[in-house]
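Secondary and tertiary structure notes
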Amino acid sequence: MAEILDGKAVAAEVRAEVAEGVAELKEHGVPVRLDVVLVGEDPASVTYVSSKERDSAEVGIDSRVHRFPGDVLQEQLAALVGRLNGDPAVSGFFIQLPLPAGLDAVPLISRIDPTKDVDGLSPMSAGRLAVGLPSLLPCTPHGIIRLLKAHSVELAGAEAVVVGRSNLVGKPLAQLLLREDATVTVCHSRTRDLPSATRRADVLVVAAGKREMVGVEHVKQGAAVVDVGIHRREEGGLVGDVRFEEVEPIVAWISPVPGGVGPMTRAMLLHNALQAARTTAEAALR
Ligand code: NDP
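Residues numbered from 1 in each chain as written. Predicted model: local features only at pLDDT ≥ 70, side-chain atom pairs only at ≥ 80, totals over all residues. Heavy atoms only, no water.

A word on the nonpolar core
- Counting 52 residues, the largest nonpolar core has Ile 61 and Leu 148 as the members making the most contacts within it.
- When residues of this core are traced back to their parent elements, those giving at least two are helix 1 (7-27), strand 2 (33-39), helix 6 (139-150), strand 5 (159-163), helix 7 (170-179), strand 7 (203-206), strand 8 (224-227) and helix 10 (261-285).
- Looking at this core, the element that brings in the most residues is helix 10, giving 10 residues.
- Counting residues domain by domain, this core receives three or more from each of domain 1 (30-114) and domain 2 (139-262).
- Apart from residues lying up to four places away in sequence, Ile 61 is in contact with Val 18, Val 22, Val 32, Arg 33, Leu 34, Ser 56, Leu 270 and Ala 273.
- Counting residues in each nonpolar core, the second largest holds 17 residues, with Val 72, Leu 77, Phe 93 and Leu 108 among its members. (Core = buried A, V, L, I, M, F, W, Y, C linked by side-chain atoms within 4.5 Å. Buried < 20%, exposed > 50% of the residue type's maximum accessible area, 1.4 Å probe, protein only. Helix = DSSP H or I, 4+ residues; strand = E, 2+ residues; numbered from the N terminus. Domains from an automatic or database assignment. Contact = heavy atoms within 4.5 Å.)

Below you can see the structure in the form of structure tokens.
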């Protein structure tokens, strides 16, 4: 029987820490504010943004949503990014992705001041992570590391295999695992023999976005398996990239879907907002 990597419980710990940090800053007259740029009316994006507002309120973080219609001009969004960068009342902000067709997220994200980049996705933040400079870390990979550590999964010297090489999850996670002294392999859709690569893993993280693609043939006995995938089942509920029922009996740790990586991602956004507020407050004191 595997130990469940309980994202709900660890996320609650992170939220409690953040709430404490936010209260402490407030005592020193520093409010924490997390702004969101929401373009268009994609229902999933609207839902994500309102849950992030709720999460923020719960830990004492103030939040503002800047809403735009889907046909907003790229230049208007670029101007807003400039204003948010320069507004001392804004601790950090992010652009809810994906943007509607016709808008290009990359130049907008590239303009975000790295000290306010709470998603940690700008090229500057990614570069700082890659060369080992302090930066705000992308929420999902950071949450995964925190989840593994909370369950005392050994990372130093471990064979870590990441399935997926997106800028959002796979690549930054590989950097973070390297930082933890794991030996890291990154697999993707052109990997020739996926099961033989993933079977080497002491720590296997699956972020392929392919429903239940990883089964018992992909895992080593006693491994830690983290499932990043989220897929809606027609009959209701969520499943991940891993066939949980099949894999769980042979591994030592496994993250469930839901209740694994998802809550960690949400909690690390709040953690980043607090970190951004601290950095801004320190800069103001200098
Ligand atoms: P992307 O689609 O951007 O990337 C998927 C990666 O998986 C690509 O690198 C792709 O390879 C690789 N891949 C796809 N199919 C295979 C395969 N058969 N074998 C090996 N590699 C494969 O997805 P994201 O990284 O954005 O997200 C991945 C999943 O995680 C999604 O289900 C998403 O919904 C979920 N997610 C969950 C979060 C959470 O909080 N729980 C947060 C973020 C994402 P290639 O590069 O060659 O195309």
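What follows picks up the thread again.
Section: the site of the ligand
- Every one of the 22 residues lining the ligand counts as a neighbour, but Arg 165, Ser 166, His 188, Ser 189 and Thr 265 are closest to it.
- Interatomic distance of 2.5 Å between a side-chain N/O atom of Ser 166 and an oxygen atom of the ligand.
- At 3.4 Å, a backbone N or O of Ile 230 approaches an oxygen atom of the ligand.
- When the ligand sits alone it has 930 Å² of accessible area, and the protein chains cover 70% of it.
- It is helix 10 that contributes the most residues to the shell around the ligand, three residues altogether.
- Here the residues of the shell around the ligand sort into 10 nonpolar, 10 polar and two charged. (Near = heavy atom within 4 Å. Polar contact = N/O pair within 3.5 Å; in protein donor to acceptor, adjacent residues only side chain to side chain. Areas by Shrake-Rupley, 256 points an atom, 1.4 Å probe, with all protein chains shown as cover. Nonpolar A, V, L, I, M, F, W, Y, C, P; charged D, E, K, R; others polar.)

Considering the domain arrangement of the protein chain
- Per the domain assignment, the segments making up the protein chain are domain 1 (30-114) and domain 2 (139-262).
- In this structure, domain 1 and domain 2 have C-alpha centres spaced 29 Å apart.

A word on the sheet that holds strand 3 (residues 62-68)
- An order of 3-2-4 is seen for the three strands of this open sheet, with the pairing classed as parallel. With one partner strand each, in any of the chains shown, strand 3 and strand 4 (92-95) form the two edges of the open sheet. Direction aside, neighbouring strands of the sheet carry axes that sit 15° apart on average.
- Bridge analysis of strand 2 against strand 4 gives four bridges, and the strand direction is parallel. Counted as the bridge partner of Val 36 is Phe 94 from strand 4.
- Packed onto the sheet, helix 3 (residues 74-86) meets strand 2, strand 3 and strand 4 and runs at close to 180° relative to strand 2. (Pairing = 2+ DSSP bridges. Axes fitted to C-alpha atoms, helices over the stretch in contact; angles between N-to-C directions.)

Regarding the sheet that holds strand 11 (residues 253-254)
- The six strands are arranged 1-11-8-7-5-6 in an open sheet whose pairing can be described as parallel. The open sheet has two edge strands with one neighbour each: strand 1 (3-4) and strand 6 (183-187).
- In terms of strand pairing, strand 8 meets strand 11 through two bridges, oriented parallel. Bridging from a neighbouring strand, Val 225 pairs with Ile 254 of strand 11.

Description of the pairing of strand 5
- With respect to burial, strand 5 is a largely interior element, four of its five residues being buried.
- Two elements, strand 5 and strand 6, share five bridges in a ladder whose sense is parallel. By the bridge assignment for strand 6, Ala 160 is matched with Val 184.
- You can see the chain leave strand 5, run along helix 7 and come back into strand 6, and the turn it takes is right-handed.
- For strand 5 and strand 7, the ladder comprises four bridges, and the chain directions are parallel. Residue pairing in the sheet places Val 163 in a bridge with Val 206 of strand 7. (Right-handed = clockwise from strand over helix to strand, strands pointing away.)

Things to note about helix 3
- With 13 residues, helix 3 extends 19 Å from end C-alpha to end C-alpha; this agrees with the ideal 18 Å at 1.5 Å per step.
- Inspection of helix 3 places Gln 74, Leu 77, Ala 78, Leu 80, Val 81, Leu 84 and Asn 85 among the buried residues, and these make up the whole buried set. In an axial view of helix 3, the angular spread of the buried residues amounts to 160°, which keeps them on one side of the axis. Residues of helix 3 that are exposed and point more than 90 degrees away from the buried face comprise Glu 75, Arg 83 and Gly 86.
- Looking at the buried side of helix 3, the elements it contacts are strand 2, strand 3, strand 4 and helix 4 (105-111). (Expected span 1.5 Å × (residues − 1). Arc of directions from axis to C-beta.)

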